[in-house]
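# Structural features, examined
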Amino acid sequence: MSEDLNRFIESYDPIVPDAKGKFGEYGGRFVPESLVNACTELEQAFNHHWHSKEFKDEYLNILQSYGGRPTPITFCANVSEMLGIKLYLKREDLTHTGSHKINNVIGQALLAKKMGKINLIAETGAGQHGVATATAAALFGLGCKVYMGEIDARRQELNVFRMQLLGSEVQEVTSGSKTLKDAVNEAMREWVSRVDTTHYCLGSVMGPHPFPYMVREFQSILGNEARVQYSELVGGEPDYVVACVGGGSNAAGTFAGFIKTDSKLVGVEAAGGAALSHGRSGVVHGMSSKLLQDESGQINEAHSISAGLDYPGVGPEHAYLQETKRARYVSANDEEVLKAFLMLSKHEGIIPALESAHGLAWIMGAAGAGEIGKGESVLLTLSGRGDKDVQQVLTILRELKNT
Ligand SMILES: *Cc1c(COP(=O)(O)O)cnc(C)c1O
């Protein structure tokens, strides 16, 4: 059944972190003694199963029959003509639950099951990773509790209800700023106290080793598919490979597929959450990476039009790819993102997630400025569909009209 997906990963040639889980000087495992065993157990289980054919076949089978993989790549004829480039989209918006997050949660839930765990816990900001984890828990018959800041839970009432429909409990977090970074802290605390029965299903390529590496591997299917599909459809490699960066999982999975090619890799952050462009090295949530912080090292809140990019840090592999110049990181502001969102909707009939619209916003600007040359090819990972964002965009457009 899974030959189909196996053929995409045959020539996967990734970079791997060192034995301490470091990508260059970034990554590692900065956790209290009580969490070290949990991380070690997870690292050993992941290394064992990820290299077994049985696990991989089962994982790929589920991604195919349940997750809707492989997703296609789509040539955007209209927008290409308008921008004078060749634009291709990798369509993660077409997966079950509507974003790349399904790749990660299916992998982690299957691994949890193999490890004999009966519960999942997860953190969530806007609710998207919480909904994805609740989905995987329902599929695998696992208990599920999602930690969500009280403020986020108020703002995202429908996602709270979705998680409940899927059979999960939502635990509101009232400490600190009552948002995502506090939800991560709370989920880690809970993991320590219940580690014998519970797996912590982390939502991006962040946290202590092995999470950044493991989540990237689960997301690499998307970059591997894209590379093979592009070479079959167009031939060769795209000049540019672009993805948006919140914690960095869809970008890491995309880049993994192209890391040994000549394609230029570009990650696009939200201007109000640009940890790579404006952050400094530091330690947060068990990892060393780049993060937004003030003079005294206090973490600054991130703000952008898309809740999915509101994370003050970024996965360590991206800090490494930036430092070694294998990838470039840029940012797009809310106004540019809104323009991109409207453009793709109107001219291609594809309503993108606001997160994904950051990638297109940069492409539009770079094509306009001649930075991407006439006729050059660009592959953009469309990380998710925009149905979840339509209400917010309507509100913004109404406000703009009234001012
Ligand atoms: C969660 C999410 C993101 C941001 O997460 P990454 O780990 O940076 O990929 C981007 N796009 C969509 C559609 C999301 O749901």
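Residues numbered from 1 in each chain as written. Predicted model: local features only at pLDDT ≥ 70, side-chain atom pairs only at ≥ 80, totals over all residues. Heavy atoms only, no water.

### A closer look at the site of the ligand
Surveying the vicinity of the ligand reveals 18 residues, the closest of which are Lys 101, Gln 128, Ser 204, Gly 246 and Ser 249. Here the ligand, which alone exposes 380 Å², has 96% of that area covered by the protein. The cavity where the ligand resides is the largest pocket. Considering only residue class, the shell around the ligand consists of four nonpolar, twelve polar and two charged. No fewer than three residues from each of domain 1 (21–66 + 101–211) and domain 2 (73–98 + 219–401) sit in the shell around the ligand. (Near = heavy atom within 4 Å. Areas by Shrake-Rupley, 256 points an atom, 1.4 Å probe, with all protein chains shown as cover. 1 Å grid on protein atoms, 1.4 Å probe; cavity = no way out; pocket = protein on both sides within 12 Å on 5 of 7 lines; lining within 4 Å. Sits in = over half its atoms within 2 Å of the grid points. Nonpolar A, V, L, I, M, F, W, Y, C, P; charged D, E, K, R; others polar. Domains from an automatic or database assignment.)

### A short note on the sheet that holds strand β3 (residues 73–75)
Read from one edge to the other, the open sheet built from six strands follows the order β3-β4-β14-β9-β10-β13, with strand pairing classed as mixed. Only two strands of the sheet have a single neighbouring strand rather than two, namely β3 and β13 (327–332). For this sheet, the mean inter-axis angle between neighbouring strands, taken without regard to orientation, is 25°. Direction of pairing for strand β4 (residues 86–91) relative to strand β14 (residues 377–382): parallel, over a ladder of six bridges. Paired with Tyr 88 across the two strands is Leu 379, which belongs to β14. Across the sheet, helix α14 (residues 334–348) touches β4, β13 and β14, and the angle it forms with β13 is around 95°. (Pairing = 2+ DSSP bridges. Helix = DSSP H or I, 4+ residues; strand = E, 2+ residues; numbered from the N terminus. Axes fitted to C-alpha atoms, helices over the stretch in contact; angles between N-to-C directions. Contact = heavy atoms within 4.5 Å.)

### A closer look at the pattern of salt bridges
Close approach of charged atoms allows side chains with opposite charge to pair. Tallied over the full model, the rule gives 20 salt bridges. With a shortest N-O distance of 2.6 Å, Glu 190 and Arg 194 are connected by a salt bridge. What makes Glu 190 buried here is its relative accessible area of 18%. Arg 328 is the partner of Glu 371 in a salt bridge, and the nearest nitrogen-oxygen pair spans 2.9 Å. Pair noted here: Glu 371 is in the loop between α15 (354–368) and β14 and Arg 328 is in strand β13, with a separation of 43 residues, a long-range link. Overall, the relative accessible area of 36% leaves Glu 371 in the partly exposed class. Of the residues examined, Arg 328 reaches a relative accessible area of 39% and is grouped as partly exposed. Put simply, Arg 69, Lys 90, Glu 92 and Glu 225 are held in one network by salt bridges that share partners. (Salt bridge = Lys/Arg side-chain N within 4 Å of Asp/Glu carboxyl O. Buried < 20%, exposed > 50% of the residue type's maximum accessible area, 1.4 Å probe, protein only.)

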